[in-house]
Amino acid sequence: MMMNDMASLGDTQTQAPDRHIGDVILDLQGISLSFGGVKALTNISFDVREHEIRSIIGPNGAGKSSMLNVINGVYRPQEGEITFHGKVRKDMDPHRAATQGIARTFQNIALFKGMSVLDNIMTGRNLKMKCNLFEHALYWGRAQKEEIEHRKKVEEVIDFLEIQSIRKTPVGRLPYGLQKRVELGRALAAEPTLLLLDEPMAGMNVEEKQDMCRFILDVNDQFGTTIVLIEHDMGVVMDISDRVVVLDYGKKIGDGVPDEVKNNPEVIAAYLGTSH
Amino acid sequence: MSDRNGQAAHAAALDTFPRLLMHHAAVRPKRPAMREKAYGIWQTYNWAEVAQNVRAIACGLAELGFKRGDRLAIIGDNRPRLYWSVAACQCLGGIPVMLYQDAVAQEMIYVLHDAEIKFAVVEDQEQVDKMLEIAAEAPLLAHVIYDDPRGMRHYSQPLLMGLDALQEMGRIHDGNHTDFLNAEIDKGATDDISVMLYTSGTTGKPKGVCQTHAAFIAAATGGAGFDKLTDQEDILSYLPMAWVGDHLFSFAQAMLTGFTINCPESGETVMTDLREIGPTYYFAPPRVFENLLTQVMIRMEDASAIKRKAFQHFMDVARRCGADILDGKPVSAGDRLQYWLGNLLVYGPLKNVLGMSRIRVAYTAGAAIGPDLFRFYRSIGVNLKQLYGQTETCAYVCLQPDGEIKLDSVGKPAPFVEVKLADNGEILVKGPMLLKAYYKRPDASAESINADGYFMTGDAGFFDEDGHLKIIDRAKDVGKLTDGSMFAPNYIENKLKFFQYIKEVVTFGNGRECVTAFINIDLEAVGNWAERKGMAYSGYTDLAAQSAVYDLIRDCVEKVNADLAIDPKMSGSQIKRFLILHKELDADDGELTRTRKVRRNFVAERYAVLIEALFEGRKTQRIETVVKYEDGREGRITADLRIEEAKTFTPQAGKQAA
């Protein structure tokens, strides 16, 4: 029975074993990025280990989003070396980053407002689709089979994020917190090994934040996905992160487990807003 | 029924639910027994598959040491695997005990203790967490089996086990001892207890009601014959499994007739699932019908002018003749034509949106249904009827026969049931569907069944001239004002609750000189009303305190007063003063039962200050209340509540006002 097949797909035993922090999968060394005369990032080095939740924090304009954009290939740093899965990266663009298993969500929601939740998440499967445009247009032969397989995966994501009741609702009609969840869903549909989340909780109320935290932890826990996260809410960051890197004015001022970072005087200064 | 003869031949043997299950697996193995929406697709299990799964669960439980007579707690939403667990437990001669899935852990302890639960089958991580929270206080609890493995990876407690693993164990056991389960099923007798359902605890601690196979089979047989149910029916199972109605409709009747039960995807998707399934047989408490109607009305208000006009016109037609057409009464040809057109343009599409296109029989019970509401559904051609019953009678006492529908009665005594009235108006019933006993409560059993074998329902009512039973109130709630006139709180409260703006009402008056009321506004309806009027509000407490809302509610109260004034017996109990509560009455705070009935005494105790203020005629009263949030934390709400007077009518004036 179909049901049983699907149950075994979601079966815990067949997936990654218990979450344990593994080896370094992404290593950034001496990254500098400037736009003309403006230095966005200056000589930043840090690494991300497999299965961990790594947060990037810092005041506004610290270079956090630039850092994410460097990781998934939107920006190419002028200096520095990026090693991903043991390979030194030559040049990179977002498309190739995605094929290598990097997915992301955006600070400003970037969904197709007029399309349903289901279709939006389906777009996350884009890279996994093998058939050509012509086959898809005719919905014929292997395209049909492929579509069914992708739909199955998308339904698993919908089930995981508990958004069954809005499956067919156009995204534009949903409240902000749910839109954020749908965006996470689209990223998950790509079955990423590295998930970049750019302020997933910005503008949410307490309850929505709690939900989002739970989903982020569940993603990390159940799929073993490595997560790099930008977030302003310190409570959230300190609660769910394994390690935190702190940026300020494009420079790294702290790096370590949440407790270390919390007690770092430079970090406190940056956050309490002493004069520069 | 397609195989009535076949059934008759087997009738002697089909006297327990496990035997019925095996019978269906043999005679209609390919018919769908259950559907569940999972991953966006309806997954079907036919009777043969259900029987196999039940076997596996039963054998797995036996392997774990489940013995005849043991109780099995079952906690969760309506999931096929939980229904299978009920059947599996019965196969082993055990007694399934369903708990309300939204109860907090501390509330579950009582039942776990009372029923001496050693085994529990629960739905998911949420329920597992509750079980673990109270495991220390329930030392007997030895095995907790969970259906959904999601999030359970890091749980290593020895008492936990996945249902998949249990079934696997059961299959091996079944393979090694092929005769074991059949022998267990053969040991079952029709007078064995088939299920234990806990009363909601409106009156004191919940009591475990022990029902036999014979009782539920009798109730199911009577109901199925009465409404000519066949194995072709489809029913949506979405009401709590712990509730007697769900056990009758989704379990007993399905097991008896072999029809299909459909489990929704989640609590939020019930509406969509209802539309997709299009049940032929449907049960819902009045508030569900009310919510549906409110949603329709809100959407109609946003529709274009032409659509609104058409809707209004055809709803007028339906109001005039729809119910008569449904009842097969004579209706003029012109009206018939109009109704036919209306069905094409309005009622048909509307029923389709509501998921009611295929409904042959729909029932409501649990609370009184508003006449407008009832008439609305009947007039668009939904055969909505009322029934009357309680946990102790398998929810089976009175049913409204097709074509003899009265708004304010609950119908005639159902087949096999004998109903009579005590001298004080209390309704007494007798029949095969009566409870065997309350679990471990011989005192309560003796109290509730009188010397002649009648069960004392505790409801007050009377028969009208056509032999239809009318319910007024709980017999013990019916009181007297100081001037001696009758005070039936539920009767008044129900009248008020029929207004869409009012969600809950508690009235007081027994032994007092007048009647007063606490009112909860309906946040959705009043909120919409406020939005249309451009009123700003921040939440329930703020909205409830606004004077415009008080005016709105006073209007409703005065309409009820005018209505009460017409009836000489009731005219004395018009509402003199009322207040709008600053918070919604909530089951988490113990103010409502899990079936959302008001716990009158508890509310009276908790808000004693307010009651005094009402009767003393103060203008305002300050109140501080502790509220419990869903996660168990506590908070406080303080508010100054206004108390307002409502106009009352003398009997004659009432006639004019009405």
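Within each chain, residue numbers correspond to sequence positions counted from 1 in written order. Starting at A for chains and at 1 for ligands, labels are handed out in the order in which the entities are written. At least 70 in pLDDT is required for a residue's local features to be given in this predicted model, at least 80 for side-chain atom pairs to be given and counted, and no such filter applies to totals for whole chains, interfaces and linings, which use all residues. As a rule here, side-chain values cover all heavy atoms of the structure and leave hydrogens and water aside.

Undergrad: Would you mind going over the overall build of chain B with me for this structure?
TA: The helix count covers DSSP runs of H or I at least four residues long, the strand count covers runs of E at least two residues long, and both are numbered beginning at the N terminus. Looking only at helices and strands, one finds 23 helices and 28 strands in chain B. Only the C-alpha atoms count toward the radius of gyration. The rule for a globule is 2.2 Å times the residue count to the power 0.38. For 658 residues, the compact-globule estimate of 2.2 N^0.38 gives 26 Å, and chain B sits close to it at 26 Å. Dimensions of chain B, computed from C-alpha atoms along their principal axes, come out at roughly 80 × 65 × 55 Å. For the exposure calls, accessible area comes from a 1.4 Å probe over protein chains only, and a residue counts as buried if that area is under 20% of its type's maximum, exposed if over 50%, partly exposed in between. Scored against the burial criterion, the 658 residues of chain B give a buried share of 57%. By element, 52% of the accessible surface of chain B is carried by carbon and sulfur atoms, the whole surface being about 26,800 Å². Of the side-chain charges in chain B, 76 are positive and 88 negative, and the distance between the mean point of each set is 3 Å. Every accessible area reported is derived by Shrake-Rupley at a probe size of 1.4 Å, with residue values counting cover from the shown protein chains alone. The charge count treats Lys and Arg as positive and Asp and Glu as negative. His and the chain ends do not count. By convention, the charge on Lys lies at NZ, on Arg at CZ, on Asp at CG and on Glu at CD.

Undergrad: What is the right way to read the packing of aromatic side chains from this model?
TA: Both the distance between ring centres and the angle between the ring planes are used here to describe each pair of aromatic rings. Residues and elements named next belong to chain B. Note on aromatic pairs: the rings of Phe, Tyr and Trp (six-membered ring only in Trp) are paired at centre separations within 6.5 Å, and the planes decide the class, stacked below 30 degrees, edge-to-face beyond 60, tilted for the rest. One pass over the structure, following the stated rule, counts 19 aromatic pairs over all chains. Ring-over charges, as used throughout, are those where CZ of Arg or NZ of Lys falls within 6 Å of the ring centre and within 35 degrees of the ring normal. Positioned above the aromatic ring of Tyr-438, the side-chain terminus of Lys-207 is 5.0 Å from the ring centre. In this arrangement the basic side chain of Arg-642 is found over the ring face of Tyr-550, its NZ or CZ atom lying 4.6 Å from the centre.

Undergrad: Help me understand the side chain of Thr-83 of chain A, please; the structure alone is not making it clear to me.
TA: Residues and elements named next belong to chain A. Of note, Thr-83 is situated in strand β4 (residues 79-84). The exposure class assigned to Thr-83 is buried, which follows from its relative accessible area of 18%. We call two residues in contact when some of their heavy atoms are within 4.5 Å. Each residue touching Thr-83, except ones within four places of it in the same chain, is listed here: Ile-25, Leu-26, Asp-27 and Val-88.

Undergrad: Even after reading the chapter, I still don't get the interface of chain B and chain A, so can you show me in this structure?
TA: Interface size is commonly expressed as the accessible area that is lost once the parts come together. At the junction of the two partners, chain B supplies 19 residues and chain A supplies 21 residues. Across the interface of chain B and chain A, roughly 1,900 Å² is buried in total on both sides, 50% from carbon and sulfur atoms. Of all residues in chain B, the largest losses of buried area upon contact with chain A belong to Tyr-39, Arg-150 and Arg-153 of chain B, amounting jointly to 48% of the total for that side. When a carboxyl oxygen of Asp or Glu is within 4 Å of a side-chain nitrogen of Lys or Arg, the pair counts as a salt bridge. One can count three salt bridges joining chain B with chain A. A salt bridge links Arg-150 of chain B to Asp-218 of chain A; the shortest N-O distance between them is 3.9 Å. A simple way to read buried area is as the amount of 1.4 Å-probe accessible surface that goes missing from two parts once joined, with both sides added.

Undergrad: What am I meant to see in the domain arrangement of chain B here?
TA: Residues and elements named next belong to chain B. An automatic or database domain assignment supplies the residue ranges for each domain. Segmenting chain B into domains produces domain 1 (15-212) and domain 2 (479-657). Relative placement of domain 1 and domain 2: their C-alpha centres are 42 Å apart. Contact residues are listed per partner, giving eight residues for domain 1 and six residues for domain 2. Counting every contact that joins domain 1 to domain 2 gives zero salt bridges. The residue makeup of the side of domain 1 that touches domain 2, split by class, is three nonpolar, three polar and two charged. Polarity classes work like this: nonpolar for Ala, Val, Leu, Ile, Met, Phe, Trp, Tyr, Cys and Pro, charged for Asp, Glu, Lys and Arg, and polar for all others, with Gly in that last group.

Undergrad: Explain the confidence of the model for chain B here, please?
TA: Should the pLDDT be low somewhere, the predicted coordinates at that spot are not to be read in detail. All names here are of chain B. Each residue gets a pLDDT score, which is the predictor's confidence in that residue and runs from 0 to 100. Taken over all residues, the pLDDT of chain B has a mean of 89, while the share at 70 or more is 97%. Below pLDDT 50 for its whole length, residues 1-11 participates in twelve contacts with residues either more than four positions away or in separate chains. The low-confidence segment residues 653-658 (pLDDT under 50) makes seven contacts with residues lying over four places distant or belonging to another chain.

Undergrad: Any chance you could explain the pairing of strand β26 (residues 575-580) of chain B here in plain terms?
TA: Within a regular strand, the side chains alternate between the two sheet faces. All names here are of chain B. In terms of residue burial, β26 counts as a mostly covered element, since five of its six residues are buried. Two strands are counted as paired when DSSP detects at least two bridges linking them. Where strand β25 (residues 515-521) lies against β26, five bridges are found, and the strand directions are parallel. By the bridge assignment for β26, Ile-519 is matched with Ile-580. Two elements, β26 and strand β28 (residues 634-645), share three bridges in a ladder whose sense is antiparallel. Counted as the bridge partner of Arg-577 is Glu-645 from β28.

Undergrad: Can you help me understand unusual backbone geometry in this one?
TA: Residues and elements named next belong to chain B. A positive phi is found at Glu-116, a non-glycine position, where the angle reads about 50°. Residue Glu-116 is classed as partly exposed on the basis of its relative accessible area of 29%. With a phi angle near 70°, Phe-416 is a residue other than glycine that sits in the positive phi range. With respect to the helices, strands and loops of the structure, Phe-416 is situated in the loop between β16 (412-413) and β17 (418-421).

Undergrad: Just to check I follow, could you spell out the confidence of the model for chain A for this structure?
TA: Counting all residues, the mean pLDDT for chain A is 85, and 91% of those residues have values of 70 or more. Predicted confidence for residues 1-17 of chain A stays below pLDDT 50, and this span has 26 contacts to residues more than four positions away or in other chains.

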